[in-house]
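Structural overview for review
What follows is each chain in one-letter form.
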Amino acid sequence: MARGKGRRNPKWKNGSNKTQGGQHVDGERRVYKSFSELRRDNDSFRKYYTAQKIVPEDEFPQLIEAMRTVLPTSFRITGSRQQGSDIREQIEKEFVPFIQQTSIDGEAIEPPHVLPWYPNRFGWQFTIPRVALKKSTELSKFHSFLVTETEVGNISRQEAVSMVPPLFLDVQPSHYVLDMCAAPGSKTAQLIEALHADTAEGECPAGVVVANDADYKRACMLVHQVSRLNSPSVVVTNHSGERFPNIYDGKDVVQFDRILCDVPCSGDGTTRKNVRVWEKWRADDGHSLNPVQTKILQRAAYLLKTGGRLVYSTCSLNPIENEAVVANVLSHFEGALQLVDVSEQLPELKRRPGLDTWKVMTRDGNLYDRFEEIPAGEHGRNRRKYSPKLFPLPAEEMEALHMERCMRIYSHLQNTGGFFVAVIEKVKPITVNEKRKAERDAEAYAAAMAQAREEGDAEAAAAEAEAAEGSAKRAASETPSEADATKRPKVDETDDGTESAMTGNDDESAAAGVSKRVYLPDEPRADPALMENPFVFLESTTAELASIIEFYGIRPTMSQRGFLSRIEKGSFRSVYYVSETVRKLMTLAGPRLRIVNTGIRVFSRNAVRDAHCAFRLVCEGTPQVLPHLSSRFVVDASFHDLKTLLSEINPLLNLLSPETQKKIEDVPVSSSVIVRYDPKMHEDDEEKPATRLTATLALPCWRGKASLSVHMDKHQLRSLIQRVLGRTVDRKEELGYKMSNNRRSNVEAAKAAETPEATEAAEATEAPEATETAETTEAETAE
Ligand SMILES: C[S@@+](CC[C@H](N)C(=O)[O-])C[C@H]1O[C@@H](n2cnc3c(N)ncnc32)[C@H](O)[C@@H]1O
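The paragraphs below set out a description of the structure included in this document.

About the criteria used
- Residues numbered from 1 in each chain as written.
- Predicted model: local features only at pLDDT ≥ 70, side-chain atom pairs only at ≥ 80, totals over all residues.
- Helix = DSSP H or I, 4+ residues; strand = E, 2+ residues; numbered from the N terminus.
- Buried ≥ 20, exposed ≤ 12 C-beta atoms within 10 Å, placed from the backbone.
- Contact = placed C-beta atoms within 7 Å.
- Core = buried A, V, L, I, M, F, W, Y, C linked by C-beta atoms within 7 Å.
- Axes fitted to C-alpha atoms, helices over the stretch in contact; angles between N-to-C directions.
- Left-handed = near helix turned anticlockwise from the far one by under 90°.
- Nonpolar A, V, L, I, M, F, W, Y, C, P; charged D, E, K, R; others polar.
- Near = placed C-beta within 6 Å.
- Pairing = 2+ DSSP bridges.
- Parallel < 35°, antiparallel > 145°, perpendicular 65-115°, else oblique.
- Expected span 1.5 Å × (residues − 1).

So, about the overall build of the chain. What the chain contains, in helices and strands, is 27 helices and 31 strands. For the chain, buried positions account for 46% of its 783 residues. Sequence separation of at least 24 residues holds for 77% of the intrachain contacts in the chain that already meet a minimum separation of 6.

Within the secondary structure, Ala422 sits in strand S21 (residues 419-426). Those residues in contact with Ala422 that sit more than four places away from it in its chain are Tyr312, Val326, Leu339, Gly354 and Cys406.

Another aspect to go through is the environment of Ala132. Relative to the assigned elements, Ala132 resides in helix H4 (residues 130-135). A sequence separation of 28 residues divides Ala132 from Ile104, and the C-alpha atoms of the two residues are 7.6 Å apart.

By size, the foremost hydrophobic cluster in this structure holds 169 residues, and its most contacted members are Val177, Ile259, Cys261, Ala300 and Ala301. If one sorts the elements of this core by residue count, helix H10 (residues 283-303) sits on top with 9 residues. Once residues lying within four places of it in the same chain are set aside, the contact partners of Cys261 are Met180, Cys181, Ile296, Leu297, Ala300, Leu310, Val311 and Tyr312.

Between helix H7 (residues 186-195) and helix H8 (residues 216-227), the least distance of the axes is 9 Å, while the angle of their chain directions is 35°. Once H7 is placed against H8, the crossing between them reads as right-handed. Facing H7, whose interface residues are Thr188, Ala189 and Ile192, H8 presents Leu222, Gln225 and Val226. Broken down by class, the residue content of the contact of H7 with H8 amounts to 4 nonpolar, 2 polar and no charged.

With that out of the way, let us pick up the site of the ligand. Taken together, 25 residues sit near the ligand, with Cys181, Lys187, Ala214, Gly241 and Asp262 positioned nearest. Elements with a minimum of two residues in the shell around the ligand: H7 and H10.

So, about the pairing of S21. Remark: a regular strand shows side chains that alternate across the two faces of the sheet. Here S21 lies mainly inside the structure; 7 of its 8 residues are buried. Pairing between strand S15 (residues 304-314) and S21: 6 bridges, direction antiparallel. In the strand pairing of S21, Thr314 is matched with Phe420. Of the strand pairs in this sheet, strand S16 (residues 337-339) and S21 are connected by 3 bridges, and their pairing is antiparallel. Bridging across to S21, Gln338 finds its partner in Glu425.

The α-helix winds at 3.6 residues per turn, so residues separated by three or four positions along the chain end up facing the same way. For H7, a buried count of 10 out of 10 residues is recorded, marking the element as mostly surrounded by other parts of the structure. Of all the residues in H7, the buried ones are Ser186, Lys187, Thr188, Ala189, Gln190, Leu191, Ile192, Glu193, Ala194 and Leu195.

Peptide bonds are mostly trans, and most non-glycine residues show a negative phi. A cis amide bond links Ala183 to the next residue, Pro184, at an omega of 5°. Structurally, the position occupied by Pro184 is in the loop between strand S9 (176-179) and H7.

All right, on to the sheet that holds strand S30 (residues 697-703) then. Strand order across the open sheet formed by 4 strands is S28-S29-S30-S31, with mixed pairing between neighbours. Two strands close off the open sheet at either side, each with one partner strand: strand S28 (634-636) and strand S31 (708-710). Averaged over all pairs of adjacent strands, the angle between their axes in this sheet comes to 35°, without regard to strand direction. Pairing analysis gives 7 bridges linking strand S29 (residues 671-677) to S30, with the strands arranged antiparallel. Residue pairing for S30: Ile674 is matched across the bridge by Pro700. With respect to the sheet, helix H21 (residues 639-647) is in contact with S29, S30 and S31, its orientation differing from that of S29 by roughly 130°.

Our focus in this paragraph is the sheet that holds strand S24 (residues 574-577). The 5 strands are arranged S22-S23-S24-S26-S27 in an open sheet whose pairing can be described as antiparallel. Single-partner strands in this sheet number two, and they are strand S22 (535-537) and strand S27 (615-617). Across the sheet, the axes of successive neighbouring strands diverge by a mean angle of 35°, strand direction being ignored. By the bridge criterion, 3 bridges tie S22 to strand S23 (residues 563-566) in an arrangement that is antiparallel. Residue Phe535 lies in a different strand from S23, and its bridge partner there is Arg566.

We now examine the packing of H21 against helix H23 (residues 714-725). Following both chains from N to C, one finds H21 and H23 inclined at 135°, their axes separated by 10 Å at the closest point. Between H21 and H23, the angle falls in the class oblique. Where H21 crosses over H23, the two elements pack in a sense that is left-handed. Residues Leu642, Lys643, Leu646 and Ser647 of H21 touch H23, and the partners they reach there are Leu720, Ile721, Val724 and Leu725. Broken down by class, the residue content of the contact of H21 with H23 amounts to 6 nonpolar, 1 polar and 1 charged.

The next point concerns H23. Over its 12 residues, H23 runs 15 Å from end to end, which matches the ideal 16 Å to within 8%, given 1.5 Å per residue. Of all 12 residues that make up H23, 10 are buried, and the element is covered over most of its length. Within the sequence span of H23, burial applies to His715, Gln716, Leu717, Arg718, Ser719, Leu720, Ile721, Gln722, Arg723 and Val724.

Moving on to the pairing of S24. Summarising the sheet, S23 and S24 pair through 2 bridges and their orientation is antiparallel. Within the sheet, the bridge partner assigned to Phe563 lies in S24 and is Tyr577. Relative to strand S26 (residues 600-605), S24 runs antiparallel, the two sharing 4 bridges. Bridge pairing links Val575 to Phe603 in S26.

Function-wise, these values are silent; they only describe arrangement.
Shown next, in the form of structure tokens:
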């Protein structure tokens with residue numbers, strides 16, 4: 001690999017040189033179509049958006065051109081964590097300067113850069129293609145860093161524009177927050193971070209985030225995303241947004257301070273990532289999504305506290321999914337809701353104002369300004385397929401709503417995807433009668449549109465069948481080879497054709513892939529096979545919980561009302577922990593709320609027969625429990641000890657420093673213990689971590705008879721090894737938790753130490769713990 005500056009490789013121009021194509025099975029033959037062959041254009045799309053005047057006429061070519069290029073990769077550092085600034089420093093001081101001087105085959109590489117509008121330099125973007133990341137050892141170190149830190153939740157891959165809506169929601173730690181359409185959860189993660197902004201580890205914010213999605217399987221994806229953030233203040237639920245249940249506190253319905261409605265949409269702002277949007281785009285998609293988007297926003301408006309704030313967003317440019325929905329709901333509740341002027345917030349974010357006029361495109365491709373202009377057709381059949389609700393309100397009403405306060409973000413403005421964001425405040429209550437009327441109207445509108453669509457689809461199907469019959473006749477008169485040649489090769493529906501430089505947690509593509517799927521309230525959604533036992537709060541008198549509290553000396557500073565579990569046949573495997581606010585909400589809601597998951601897993605049953613306590617501390621629960629744990633189970637260690645624990649598998653106690661050994665000997669055999677390393681206390685030490693650390697590290701460990709082993713999942717461990725020891729761990733090494741290896745390395749170490757007692761102890765090896773550590777580590781990862 002050559003170093004030094006040079007030209008940029010033209011084949012990386014769009015951040016990708018991917019040649020892999022889509023495929024489909026055509027009879028016995030597989031037909032591949034490369035993504036570069038896919039047409040990144042659509043005449044109907046051009047016609048529609050030119051007519052909408054979403055940008056000035058002379059700017060439209062720039063917009064289209066930007067929408068045809070591949071999207072840069074962007075990510076966010078988890079700001080609420082102590083490690084956030086360490087991670088940022090590592091990027092700024094290690095990776096950026098290094099990449100600046102790196103070139104491959106004489107071609108310069110553009111280093112990652114900060115998203116100027118994202119607070120605290122925690123938002124980043126880069127265009128280095130994956131192939132380049134893997135080609136050089138140095139760049140692959142950056143790649144490995146991104147993947148590992150994403151897996152442990154220190155970094156989240158997220159499309160830049162998708163980071164915008166939560167920033168305008170302005171979540172405070174005391175807020176009750178509802179994320180109505182949350183999966184796969186990139187924005188939920190931001191909401192949780194904001195909730196924890198000023199909460200010390202081990203404490204619970206007064207507020208709560210309820211993350212909801214109508215799709216049960218997608219709600220499970222949400223659980224994975226949320227669990228990376230270890231928050232006791234989150235509940236994941238599974239309801240249609242428009243039917244999110246009332247939770248009663250006495251006679252009052254519990255309302256939320258903040259609501260995010262990131263509704264299902266056509267996703268036509270995501271063409272840079274989902275190339276097939278070009279091919280599939282139809283103006284009709286917006287028409288059929290408008291009713292459900294309206295219902296979700298109406299429900300959110302009702303569930304919002306007076307004085308509260310709501311954000312409505314889509315990754316679509318279509319005014320029918322955006323301004324039409326907002327204007328209708330605002331006008332319906334007559335002054336209860338107002339658009340907020342946020343032009344002074346995030347000034348670096350380039351945006352354009354919302355529209356107050358637009359046109360509706362009918363199936364025949366004609367565009368109309370007013371409903372009445374649509375030719376009625378026989379018995380009004382033609383006009384019935386559309387609704388006045390798809391059109392702008394009268395000009396003076398639109399003006400009064402200040403639609404210019406909505407934000408439109410376009411691809412060419414700052415090299416992102418497209419997005420729509422409206423920030424809404426509730427300035428007076430909505431009465432139950434107003435709510436009911438709105439619901440009835442929305443229901444009738446949705447039903448009428450659905451019926452018209454069915455009629456329209458039936459007509460279209462008949463026309464298609466007629467056309468197919470004609471072409472079958474034509475094909476019969478052609479030779480087989482000619483008929484084959486007229487077939488258009490299809491492409492795989494499942495691959496979005498994009499390339500991610502950060503594998504692992506590609507949440508955004510997952511979101512985009514099904515964002516158009518709309519779940520209606522009466523659709524059976526839950527897969528019973530996946531349903532788990534409901535959560536039950538554990539009384540502190542429950543024998544097993546009492547034994548955990550007593551053994552680990554959990555102080556009363558950790559409320560004992562927060563422990564809960566999923567009980568099966570009178571027994572439970574794991575203990576979870578939630579905040580008092582979550583407990584209150586769950587108690588008030590009872591079975592009304594379909595809870596998919598909640599809480600942090602703090603203790604898990606261990607498999608060691610002679611252990612004093614049947615439960616061990618779980619890695620993800622460590623930050624929550626640590627401040628409340630008896631000091632007997634917390635050992636402050638030196639860098640030498642940290643290094644030993646991270647480089648050896650089940651190191652013998654005599655490999656640790658004498659002071660640490662002494663403290664560990666006080667800890668009962670076969671139990672969890674936390675080893676803590678505070679970099680501030682070791683600033684003058686000669687030996688230091690490979691990267692500069694400021695945040696304290698806490699390693700949950702297992703104290704065996706003669707050894708101490710780190711008890712973390714493999715991703716956490718890999719992240720620590722990279723940051724502390726400065727080396728990338730390969731898969732074989734990380735999976736080296738094999739009994740034989742453990743025993744061999746311990747015996748060798750003991751022999752090297754030349755102490756007969758140690759050799760004897762090593763040969764007797766801590767078999768149960770070692771096996772348990774390895775197995776549960778893998779199990780934790782799987783869970
Ligand atoms: C655009 S995606 C949300 C992306 C998500 N906010 C994020 O940032 O990761 C829309 C989501 O709405 C869900 N959905 C579809 N219909 C819904 C409905 N009626 N109520 C609630 N959620 C719905 C889909 O399952 C999908 O996960």
